Amino acid sequence: NAGVTQTPKFQVLKTGQSMTLQCAQDMNHEYMSWYRQDPGMGLRLIHYSVGAGITDQGEVPNGYNVSRSTTEDFPLRLLSAAPSQTSVYFCASSYSDRGRTEAFFGQGTRLTVV
Amino acid sequence: GQQVMQIPQYQHVQEGEDFTTYCNSSTTLSNIQWYKQRPGGHPVFLIQLVKSGEVKKQKRLTFQFGEAKKNSSLHITATQTTDVGTYFCAGPRYSSASKIIFGSGTRLSIRP
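In this text the structure is predicted, and so the values were computed from the model without any measurement. (Residues numbered from 1 in each chain as written. Chains lettered and ligands numbered in written order. Predicted model: local features only at pLDDT ≥ 70, side-chain atom pairs only at ≥ 80, totals over all residues. Heavy atoms only, no water.)

Visitor: Even after reading the chapter, I still don't get the sheet that holds strand β3 (residues 19-25) of chain A, so can you show me in this structure?
Guide: In a beta sheet, neighbouring strands are held together by backbone hydrogen bonds and run either parallel or antiparallel to one another. All names here are of chain A. Spatial ordering of the open sheet is given by β1-β3-β8-β7, a layout of four strands whose pairing is antiparallel. Edge strands, defined here as strands with exactly one partner in the open sheet, are β1 (4-7) and β7 (64-66). The average undirected angle you get between the axes of adjacent strands in this sheet is 20°. (Pairing = 2+ DSSP bridges. Helix = DSSP H or I, 4+ residues; strand = E, 2+ residues; numbered from the N terminus. Axes fitted to C-alpha atoms, helices over the stretch in contact; angles between N-to-C directions.)

The structure is reproduced here in structure tokens:
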């Protein structure tokens, strides 16, 4: 059981470049989300999805796009990278069943924009 | 909108001292979860509390859910260097139980 798999683990981009961060989960969770975490800071929600074909914006969506064509995959696209997007990005999936709620995080992608 | 706040933001303690972080929600929560993120790692689920006034223990960690189900605390007795990290509380959003809102986290550092 792989859980939540994020790729790549590290990435360096030049300002203006675009890229896609991949996220896949094998737990059949409906809810998936993307967070960014700046040094010494908490988790800020970028985008989330409540199921295939449904996405919505979080607290800091500008500069990012998402899609959810399948239950398993939830890629995050940076349209035109900026130094302010240098951060650690976490993908998470979560479930709630019979009163139990739990989130599972990927290992994170450490992104540097130069 | 619904918010979950944590205090303090940072705590630096001597090894062996106790540590407590507090979590407050703007709305009543059906449950509260706690996660730990080691330096350089990702948040990992520790525990969930469901009942009003519930107290759970994991070795030196004691978790408490308030009577009104709007606040929670995590207390670590006699901290060890392995306790270093950021502790997040989290609760389900009122609109959907599987959507989770995270607190801002408390970062614990320890002097050996």
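Continuing now.
Visitor: Help me understand the pattern of salt bridges in this model?
Guide: Close approach of charged atoms allows side chains with opposite charge to pair. Tallied over the full model, the rule gives six salt bridges over all chains. In this structure, lysine 56 of chain B engages glutamate 54 of chain B in a salt bridge whose closest nitrogen and oxygen atoms are separated by 3.8 Å. Here aspartate 83 of chain B and arginine 60 of chain B are joined by a salt bridge, their closest N and O atoms 2.8 Å apart. Within this pair, whereas aspartate 83 of chain B is found in the loop between β8 (71-76) and β9 (85-93), its partner arginine 60 of chain B is found in the loop between β6 (55-58) and β7 (61-65), the two being separated by 23 residues in sequence. On the basis of relative accessibility, which here comes to 4%, the residue aspartate 83 of chain B falls in the buried class. On the accessibility criterion, arginine 60 of chain B (23% relative accessible area) is partly exposed. Sharing partners across several salt bridges, the network here consists of Arg36, Asp38 and Arg44 of chain A. (Salt bridge = Lys/Arg side-chain N within 4 Å of Asp/Glu carboxyl O. Buried < 20%, exposed > 50% of the residue type's maximum accessible area, 1.4 Å probe, protein only.)

Visitor: Is there a simple way to think about the interface of chain A and chain B in this case?
Guide: Listed as interface residues are 22 residues of chain A and, on the opposing side, 21 residues of chain B. With both sides pooled, the region where chain A packs onto chain B buries about 1800 Å², and carbon together with sulfur makes up 55% of that total. Taken together, chain A and chain B are joined by zero salt bridges. Applying the counting criterion to the chain A and chain B interface returns five residue pairs in polar contact (both at pLDDT 80 or more). At the level of secondary structure, the elements contributing two or more residues to the side of chain A that touches chain B comprise β4 (31-37), β5 (44-51), β9 (87-97) and β10 (100-105) of chain A. Ranked by the residues each element gives to the side of chain A that touches chain B, the list is headed by β10 of chain A, at five residues. (Contact = heavy atoms within 4.5 Å. Buried area = accessible area lost by both parts, 1.4 Å probe. Polar contact = N/O pair within 3.5 Å; in protein donor to acceptor, adjacent residues only side chain to side chain.)

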